[in-house]
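In case you want the letters, here they are:
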Amino acid sequence: MEKAGGSPAVGGSYPQKNAEILSSQYGINLFLAGLLLTFAWAVHAVGISKSHLLSYLITLMLIQLLWMLWYLCRSCTQRRLIRDKDTHAGARWLKCGITLFAVITLILDSFKIGYYIDFSNCLSPTEGIFPVTHAVHTILQVYFLWCHAKDVIQSFKTLERFGVIHSVFTNLLLWTNGVLTESKHQLNEHKERLITLGFGNITIVLDDHAPQCNCTTTTLCSIFSQGIYYLYPFNIEYHILASTMLYVLWKNIGRKVEYHQQNKTPFKFHGITVGMIFGLIVLTSTIAIVVVYLIQIGGSKIKSELALTMFYLHAIFVLALMCTAGIVALLIYRLEDRSLDNSKNPARKLDAELLVGTAAGSWLLSWGSILAIICAQAHPKYTWYNLPYSVLVIIEKYIQNLFIIESIHREQEKVNDNIKTLRIVTISRGSTLSLTPLYKEIYNGRATHDTGEVPCLFKGSICGRENDDAGVAKEETSQDNTSVMHSASDFSFYSRNSNSVTKNKRRILKNVAAFLFLCNLSLWIPPAFGCRPEYDNGLEEIVFGFEPWIIVVNLAMPFSIFYRMHSAASLFEVNCKT
């Protein structure tokens, strides 16, 4: 009977598991085809032009647009139905962040449209169609994520799996395209700067995809062409955030939701003044360093070396502060006795996996720099600062990952959580008498009526229990009450001290999270806007060779940049939960 009863459930899981496997394989093949097409365009493969790549991306975006419109229309017709929601997915602050990046992406699309109009004589029509399609895709996708990022889809599950995974890998391909375009621009600038550092033995061949015609309006063309590359970092972050939110939606399809109340965790500035002040100092100084770096690097050999030295010293100081803050937070966690939340949560699991996975990009670059310093025969003075910088990058991300992952897995502190069980025991005629029920009964404002007991301690007040059946003398009652009052006074003193210590720990943790949040934003700015000593150092190119090291940097750098933004988002959540 048990097998017969259980077989339908087991058999019913097979189609859904097969749909998950089939849809994931469809998405992977979709991505690999686009990745090879992107690579072929990047290396100037015969018969492959940019119009072929853009046509492929336009087709993918149009298919996603059709699916999103179908999903939105179906949701409107079923809006009266109660749908399951994943309360952990699609947080409001995450939606606000992706909206900000989407607005800047729309500005980027408008720049591309203007660029196409100015060079329309020699550009393919796909270069004009692409930004228009991309703008429509961005607007509808942001609206879709705002309205349906928390959905747990329970109908048309097989079809929805293919639609969502298509959207995930479409955004990943758009992210790849943005990363490649921005990296090619950075590489061209890097090649021009290498000569100023004295590395003239490296062959300088610019990888130029510029239009082969004159611009109709020179001033506007210059604004559009230069502005596009300053907006690409935001476009890159937008697509990777969209793909992660859509991936969580895909993982939630057909999931059985555990219904429990989700505590709202609004962000508050109260109590994080110290962390915000130090974080803002780091942010301001980082912006100043980046501006000076971009001005000085490539001007002359002396200016370039000073710019690199300045960058390394500032980064070493910031990373040392971040390591110290992370260690303090982890020590506080070791002193606390709080259980971890091990419930199934796709969003939290993805956050942890992305932290470790994307950190590997920075670790790869850091170990490459350490190996280059050890193996190089000649060491310019500024390269020695690269050694402590690379070591601290490894240590800091190791500590920060541990802090964030433990923070998002810790259960939120409940009211009066330090009071596990409260019973005041008095001695009366050689017997023990329990005068209070469990703290849960006190907190709910009720006592156990079956036994006739009434809470004798609630918020520091003392109450007595009348006993009409037993005759007790006034002297004995007064003595018992005095004993109870002493016990209550001792407990009240202990409770106040415990609450004070807990509040101080929470305040320190919130300040650490706020400080690390601003520091990660600060460290996102330099590589995102062209301040990349891994390019300009020059030592790694000599040890590993120019082309191999550039390939490593171009593969690892996008993950390193995304790590900082994702860490900032996770730390914002940690600050809200603490």
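Residues numbered from 1 in each chain as written. Predicted model: local features only at pLDDT ≥ 70, side-chain atom pairs only at ≥ 80, totals over all residues. Heavy atoms only, no water.

Chemist: Where do I start with the overall build of the protein chain in this structure?
Modeler: In terms of regular secondary structure, the protein chain is built from 15 helices and four strands. Burial status across the protein chain gives 47% buried among its 578 residues. Counted over contacts in the protein chain with a minimum sequence separation of 6, partners at least 24 positions apart contribute 83%. Total accessible area on the protein chain is roughly 29700 Å²; 64% of this is exposed by carbon and sulfur atoms. (Helix = DSSP H or I, 4+ residues; strand = E, 2+ residues; numbered from the N terminus. Buried < 20%, exposed > 50% of the residue type's maximum accessible area, 1.4 Å probe, protein only. Contact = heavy atoms within 4.5 Å. Areas by Shrake-Rupley, 256 points an atom, 1.4 Å probe, with all protein chains shown as cover.)

Chemist: Before we go on, may I ask you to explain the nonpolar core in this structure?
Modeler: Formed by 125 residues in total, the largest nonpolar core has its most connected members in Phe144, Phe311, Met322, Tyr389, Phe403 and Leu516. The leading source of residues in this core is helix H6 (residues 218–251), at 16 residues. (Core = buried A, V, L, I, M, F, W, Y, C linked by side-chain atoms within 4.5 Å.)

Chemist: Just checking my understanding: could you explain the packing of H6 against helix H15 (residues 546–577) for this structure?
Modeler: When two helices pack together, their arrangement is given by the angle between their axes and by how far apart the axes lie. Orientation of H6 relative to H15, taken along the N-to-C sense of each, is 65 degrees, at an axis distance of 11 Å. Looking at the two axes, H6 sits roughly perpendicular to H15. Handedness of the H6/H15 crossing: right-handed. Two secondary-structure elements touch here, H6 through Glu237, Ile240 and Thr244 and H15 through Ile561, Phe562 and Met565. When its residues are assigned to classes, the contact of H6 with H15 shows four nonpolar, one polar and one charged. (Axes fitted to C-alpha atoms, helices over the stretch in contact; angles between N-to-C directions. Parallel < 35°, antiparallel > 145°, perpendicular 65-115°, else oblique. Left-handed = near helix turned anticlockwise from the far one by under 90°. Nonpolar A, V, L, I, M, F, W, Y, C, P; charged D, E, K, R; others polar.)

Chemist: Would you take a moment to explain a nonpolar patch on the surface for this structure?
Modeler: On the surface, Ile113, Ile117, Val132 and Val136 cluster together into a nonpolar patch covering about 310 Å² of accessible area. Mapped by element, the contributors of at least two residues to the nonpolar patch are helix H3 (92–118) and helix H4 (126–148). Structurally, Ile117 can be placed in helix H3. Look at Ile117 and you get exposed, because its relative accessible area is 51%. (Patch = residues over 30% accessible without salt bridge, like charges linked within 9 Å, V, L, I, M, F, W, Y side chains within 5 Å. Salt bridge = Lys/Arg side-chain N within 4 Å of Asp/Glu carboxyl O.)

Chemist: Even after reading the chapter, I still don't get the packing of aromatic side chains, so can you show me in this structure?
Modeler: The description of an aromatic ring pair uses the distance of the two centres, along with the angle that the planes make with each other. Scanning the entire structure with this criterion turns up 21 aromatic pairs. Ring centres of Trp67 and Tyr71 lie 5.7 Å apart, and the angle between their planes is 40 degrees; this geometry places the pair in the tilted category. On the criterion of helical spacing, the pair formed by Trp67 and Tyr71 is a turn pair, its members being four residues apart in helix H2 (residues 50–77). Here the two residues Trp67 and Tyr71 agree in accessibility, since each one is buried. Relative to Phe572, the ring of Phe517 lies with its centre 5.8 Å away and its plane at 55 degrees, an arrangement referred to as tilted. Linking Phe517 in helix H12 (residues 474–528) with Phe572 in helix H15, this pair joins segments that are 55 residues apart in sequence. Residue classification places Phe517 among the partly exposed residues on the basis of a relative accessible area of 21%. Counting every residue linked through ring pairs, the aromatic cluster contains Phe101, Phe234, Trp524 and Phe529. (Phe/Tyr/Trp six-rings, centres within 6.5 Å; stacked < 30°, edge-to-face > 60°.)

Chemist: I would appreciate a short explanation of the confidence of the model for the protein chain in the present structure.
Modeler: Low-confidence regions, as indicated by low pLDDT, have predicted coordinates that should not be scrutinised in detail. Chain-level pLDDT for the protein chain is 77 on average; 73% of the residues reach the 70-or-more range. The low-confidence segment residues 1–11, where pLDDT is below 50, has zero contacts with residues more than four positions distant or belonging to other chains. In this model residues 415–474 is a low-confidence stretch, pLDDT under 50, and it forms 77 contacts with partners more than four residues away in sequence or in other chains. (pLDDT = per-residue confidence, 0-100.)

Chemist: Would you take a moment to explain empty space enclosed by the protein for this structure?
Modeler: The rolling of a water-molecule-sized probe over the atoms marks out the regions of remaining empty space. One pass over the full model with this rule turns up three cavities of 30 Å³ or more. Size it by volume and the largest cavity reaches roughly 360 Å³. In terms of lining, the largest cavity is formed by 28 residues, of which the most central are Phe311, Tyr389, Val393, Glu534 and Ser560. Elements supplying a minimum of two residues to the lining of the largest cavity: helix H7 (273–296), helix H8 (301–335), helix H9 (346–375), helix H10 (386–409), H12, helix H13 (533–536) and H15. (1 Å grid on protein atoms, 1.4 Å probe; cavity = no way out; pocket = protein on both sides within 12 Å on 5 of 7 lines; lining within 4 Å. Points joined across faces, edges and corners; volume = space filled by probe spheres on them.)

Chemist: I keep staring at the environment of Pro346 and nothing clicks. Help me out?
Modeler: If you trace the backbone, Pro346 turns up in helix H9. Sequence-wise, Pro346 and Leu249 are 97 residues apart; in three dimensions their C-alpha atoms are separated by 8.9 Å.

Chemist: Would you take a moment to explain the side chain of Ser243 for this structure?
Modeler: Here Ser243 shows up in helix H6. At 2.8 Å, the side chain of Ser243 and the backbone oxygen of Ile240 are in polar contact. In this view, Ser243 contacts Val168, Asn171 and Leu172; residues no more than four positions away in its chain are not counted. (Polar contact = N/O pair within 3.5 Å; in protein donor to acceptor, adjacent residues only side chain to side chain.)

Chemist: What is the right way to look at the pattern of salt bridges in this model?
Modeler: Between side chains of opposite charge, a pair can form as their charged atoms come close. If you walk through the whole model with that rule in mind, you get five salt bridges. One salt bridge connects Arg74 with Glu160, and the closest N-O pair in it is separated by 2.5 Å. With a gap of 86 residues between them, Arg74 in helix H2 and Glu160 in helix H5 (residues 157–194) connect regions that are remote in the sequence. Residue Arg74 shares its accessibility class with Glu160, and that shared class is buried.

Chemist: Before we go on, may I ask you to explain the environment of Pro527 in this structure?
Modeler: For Pro527, the position within the fold is in helix H12. Considering only alpha carbons, one finds Pro527 and Pro233, 294 residues apart in sequence, at a separation of 9.3 Å. The contact partners of Pro527, leaving out residues within four places of it in the chain, are Arg532, Met557 and Ile561.

Chemist: Looking at this structure, I do not really get the packing of H9 against H15. What am I missing?
Modeler: Contact pair H9 / H15: the axes reach a minimum separation of 7 Å and the direction vectors enclose 140 degrees. Accordingly, the angle class assigned to the pair H9 and H15 is oblique. Judged by the twist between their axes, the crossing of H9 over H15 is left-handed. Of the residues in H15, those touching H9 at Asp351, Leu354, Leu355, Thr358, Ala359, Gly361, Ser362, Leu364, Leu365, Gly368 and Ser369 are Trp549, Val552, Val553, Ala556, Met557, Phe559, Ser560, Phe562, Tyr563, His566, Ser567 and Glu573. Along the lines of polarity and charge, the residues of the contact of H9 with H15 split into 13 nonpolar, eight polar and two charged.

Chemist: Can you walk me through the environment of Ile236 in this structure?
Modeler: As for its position among the elements, Ile236 is in helix H6. Between the C-alpha atom of Ile236 and that of Glu182, which follows or precedes it by 54 residues, the distance is 9.3 Å. Those residues in contact with Ile236 that sit more than four places away from it in its chain are Trp175, Gly178, Val179 and Glu182.

Chemist: Quick question: what am I supposed to make of the side chain of Glu160 here?
Modeler: Since its relative accessible area comes to 0%, Glu160 is described here as buried. Those residues in contact with Glu160 that lie beyond four places of it in its chain are Trp67, Trp70, Tyr71, Arg74, Ile153, Ser155 and Ile253.

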